[in-house]
Amino acid sequence: MLAGTAAGCARPEGPWPSREVRVIVHAAPGGMSDTVARFTSRGLNERLGVPVLCENRVGAMGAVAFSAVKFAAPDGYLVGYAPVELAVVPHLRYVDLSTGDFDLLARHHRAPAALAVPASSPYRTLRAFVDAVRGGARVAMGAAGPLSVWHLGTLALGRQLGRTFIFAPFPGSGPATTALLGGHLDAVMAGVPEVQALVRGGAVRLLGIMGDGPSPIFPDVPTFRSEGLDLLFEAWGGFMMPRGVAPAILAELEQHILAAFQQEAFRTYCRTAGLDVQPLASADFRVFVDQESARYAQLVREFGFVS
Amino acid sequence: MPGDPMLLLAPMLSPDAWLYVLIGVALGVLFGSLPGFTATMGLAVLTPFTFWVAPDQAMAMLLGLLVSAIFSGGVPAILLNTPGTPASIAMTWDGHPLARQGRAGLALGLNAIGAFLGIFLSLVVLLLAALPLSRLALRFGPAEYFAVAVFGLSTIVGVSGGSMLKGLATGVIGLLLAVIGLDAITGYPRFTFGQPELLDGVSFIPVMVGLFGIAEVFTQMASPPRQQLDGDTQTSGMLPTREEARTLWAHGLRGSLMGIWIGIMPAAGADVGAILAWDQSRRFSKTPEKFGKGSLEGLIAATTGANAGIGGSLVTTLALGIPGDSAAAVLIGALLMHGLQPGPLLFRNRPDLVATIVALVFMASLVTLVWGLIGARILGKILKIRDQYLWATVLAVALGGSYALNQSTGDVWTAVTAGIFGFLLRQQGFPMGPLVLALILGPMAESNLRRALALSEGSLATFVTRPISLLFLVLAALTLLWPLISRRGNDSRLPDSTIPDSDTL
């Protein structure tokens, strides 16, 4: 924050944008969030005519990156990547954060939770799986966690079925999937993009997804809602700024970001990676994030993670 | 078949590929050799470029960086007792004593040869047995990883140098530091005292930089001025004599195998590989008493163990499409960017791609070998720099690197605290090896123990009824009992703690 203020004082500012814009990403380079941020940055760079640089601030489920954005000067030169964790982490009270600390620019994609089993699993359909669990089958589940949306989705599924799973959290969906392939777990809850390669390769089978409609990537996989289970758990990603940026800058950036989503190479990447691109403009994204935030606030309380 | 010689040869005939490999290697040298700057940071610099160049060019740069970073990390480890990357921690134990004995050139030469040997062997394994090996690696679940971590921790006995008691003490300190941060199973903050910086635990790189780099600076300041060594005598002999080389092959081979295997397992990295390789070599050596005091065998085991992990981790990355570490994640990202999804399907359908990756790694290791042998002559001269300039530079780089890691002043304070703490411990003859080992393996042991117990619904039997887990626990028990057994045999016991040279460990 100090550095930002000092730079702001030292340099005479021309009309925005007159210098480089930074994009803070909560995840490591090379991953899905990072790639989405970098494609968007390139589009922004072409439209704004100034360098747009991605910075990775990994840690504490995104709290490190969110804090960096929250405390940055609202001068229009710092953008944050806004993942689903933004709706979860503030309720855990690791650091003082709220979705109200940010101005939201646009949503890019949604990626619903997918229930995946090994190809050799006895569970061939979602109904068979659900019936077995209801009937008392002991199912060992794994997911990234603790407290990832996949973990919360697993807990919510167990609650709706009136059973608890044997559950182990893993440091990410990758390690959880590895354990699934090795036969150490019966099923894994992860995002569709995180398992799609193994699904296409025939190593794992998707039983169902927790989206509000069929996934365009796997249209044949049923949703949990179609089985009468009201479960909606998904990862999403968008962009935000620290609160207090001039409305004119916000409006301009919103348009540029939405336009950046349309790059051909970006769309190709999203298709390969299994990302369901569903852009939302600023006002709708705010409504969406506030709904998500309220839902997760209730869930982390109900599941006993905070009092 | 990815092993088709034509497929392997194609990239080696392309001047383009060599150029991009060179760029990657140069970046790797920079980020690898500066303590605090890591290969991951180099990857972050490279990632934007990988977006806009062809996939084979992106891979050439990434693999070049990866290959040279681990090698380069060994250079400051040998010359300054300050590892450039976590993978080169084990290289300080024998590499630095060698440099002190006036054989820096030989140590640097061995580091270059060991890196090449380890990578070469790991590529052979990747070509011949990637799919079956990756399936075997999958059999390692939480129970097995816990057992491996316990086995790794049991080597504290080996890396304690003179005094076992002092080694255990620093090991326990490491384990205690490892519990700080968000609980990996429940998500509750532990011992963070409300400091957001501690939520992710004590970050390892600043601790490493502090314990080795900064503590070394303080140690140099406190000790009488060093005899200025002549840089030329330092670097005259870069190759071991025929007599010395005879025993090294076996240790290089064993180190490579250990490194390959640790690399294949998705949850363990090159740092663990190097330490385990070093400890295994000590166990099998005819001269274990030299380990930690400038043993060529120990150095070659550590360097092959660290570098062979590259091919090993590529096995799981390519065969399963699951990134084992941050470097593999960037590699997968670069492939995805161009519509290629790594995984079993790609491995079967695109042998040309696997062959290209193997060829690029080979090219990078060749460039690194040449640089290592030529560079050793130049780098050895670092020791001719006058103490006050040299150590001031090390201090500046160490602090700068700690900050650059996450642009966090918290990391700088961690490094300084670790530096002071490490200096005080070393003055009293406490070895640093057990501390870093515990800090690396502690979280792996704890989270996998609890994960395994969650899956077994609390039954401890899971650790002994699974054969792989049982095997490693038995190995760990044997390692712990080894000093008692060998005392009876009265031969290969470690020397007494009367000589306070454990500061090199």
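Scroll up to find the structure.
Keep in mind that this is a model prediction, so the values were computed, not measured.

Asker: What exactly am I supposed to notice about the overall build of chain B here?
Answerer: A count of helices and strands for chain B gives 22 helices and 2 strands. Taken over the C-alpha atoms alone, chain B extends approximately 60 × 60 × 50 Å along its principal axes. When each of the 505 residues of chain B is scored for burial, the buried share is 60%. Partitioning the contacts of chain B with sequence separation of at least 6, the portion at a separation of at least 24 is 79%.

Asker: Could you clarify how one ought to interpret the pairing of strand 3 (residues 78-83) of chain A in this entry?
Answerer: Residues and elements named next belong to chain A. Of all 6 residues in strand 3, 6 are buried; the element is thus mostly enclosed. Going residue by residue along strand 3, you find Leu78, Gly80 and Ala82 tucked away on one face and Val79, Tyr81 and Pro83 tucked away on the opposite face as well. For strand 1 (residues 21-25) and strand 3, the ladder comprises 3 bridges, and the chain directions are parallel. Looking at the pairing, Val23 lines up with Val79 of strand 3. Bridging between strand 3 and strand 9 (residues 234-242) involves 4 bridges; their strand directions are antiparallel. Directly across from Gly80, in strand 9, lies its bridge partner Met240.

Asker: Please explain the nonpolar core as it appears in this structure.
Answerer: It is characteristic of soluble globular proteins that their nonpolar side chains tend to be buried jointly. Within the largest apolar cluster, 275 residues are counted, with the highest numbers of intra-cluster contacts made by Ala116 of chain A together with Leu62, Leu360 and Val361 of chain B. The dominant element in this core, judged by the number of residues it contributes, is helix 6 (residues 104-138) of chain B, at 18 residues. Mapping this core onto the domain boundaries places at least three of its residues in each of domain 1 (2-110 + 235-302) and domain 2 (111-227) of chain A. When residues no more than four places from it in sequence are discounted, the contact partners of Ala116 of chain A are Leu180, Ala187, Val188, Ala190, Val195, Val204, Arg205 and Leu206 of chain A.

Asker: I tried to follow the interface of chain B and chain A on my own but got confused; where do I start?
Answerer: Where interface size is quoted, it is often the accessible area lost as the parts come together. Chain B puts 41 residues into the contact, and the matching count from chain A is 40 residues. Of all the secondary-structure elements, those providing two or more residues to the side of chain B that touches chain A are helix 3 (39-52), helix 15 (326-337), helix 16 (344-349) and helix 20 (433-455) of chain B. Looking at which element gives the most residues to the side of chain B that touches chain A, the answer is helix 15 of chain B, with 7 residues. Tallied by class, residues from the side of chain B that touches chain A come to 26 nonpolar, 11 polar and 4 charged.

Asker: How do you make sense of the packing of helix 3 of chain B against helix 4 (residues 55-80) of chain B when you look at a structure like this?
Answerer: The axes of two packed helices give the description: the angle between them and the distance between them. Residues and elements named next belong to chain B. Helix 4 packs onto helix 3 with a crossing angle of 170° between their chain directions and a minimal axis gap of 10 Å. Put simply, helix 3 runs roughly antiparallel to helix 4. Where helix 3 approaches helix 4, its residues Ala39, Gly42, Leu43, Leu46, Phe49 and Thr50 are matched on the opposing element by Ala58, Met61, Leu62, Leu65, Leu66 and Ala69. Of the residues contributing to the contact of helix 3 with helix 4, the split by class is 10 nonpolar, 2 polar and no charged.

Here is what the cut-offs are and how they apply
- Starting afresh in each chain, residues are numbered from 1 along the sequence in its written order.
- Lettering for chains starts from A, numbering for ligands starts from 1, and both go in the order in which the items are written.
- With pLDDT at 70 or above as the cut-off, local features in this predicted model cover only qualifying residues; side-chain atom pairs require 80 or more to be listed or tallied, and sums for whole chains, interfaces and linings still use all residues.
- Going along the chain from the N terminus, every DSSP run of H or I of four or more residues is numbered as a helix, and every run of E of two or more is numbered as a strand.
- Residue burial here comes from a neighbour count, namely the number of other C-beta atoms, placed from the backbone, that lie within 10 Å of the residue's own C-beta, with 20 or more meaning buried, 12 or fewer meaning exposed, and in between meaning partly exposed.
- Whether two residues are in contact is decided by their C-beta atoms, placed from the backbone, lying within 7 Å.
- Any two strands with at least two DSSP-identified bridges between them are counted as paired.
- Residues of type Ala, Val, Leu, Ile, Met, Phe, Trp, Tyr and Cys that are buried and joined through C-beta atoms within 7 Å form what is called a nonpolar core.
- Reported domain spans reflect what an automatic or database domain assignment gives.
- Three residue categories are used. Nonpolar comprises Ala, Val, Leu, Ile, Met, Phe, Trp, Tyr, Cys and Pro, charged comprises Asp, Glu, Lys and Arg, and polar comprises the others, including Gly.
- Structural elements are reduced to axes, namely lines fitted to C-alpha atoms, with helices fitted over the stretch in contact, and the angle between N-to-C directions of any two is expressed from 0 to 180 degrees.
- Any angle between 65 and 115 degrees counts as roughly perpendicular, while under 35 counts as roughly parallel, over 145 as roughly antiparallel, and the rest as oblique.

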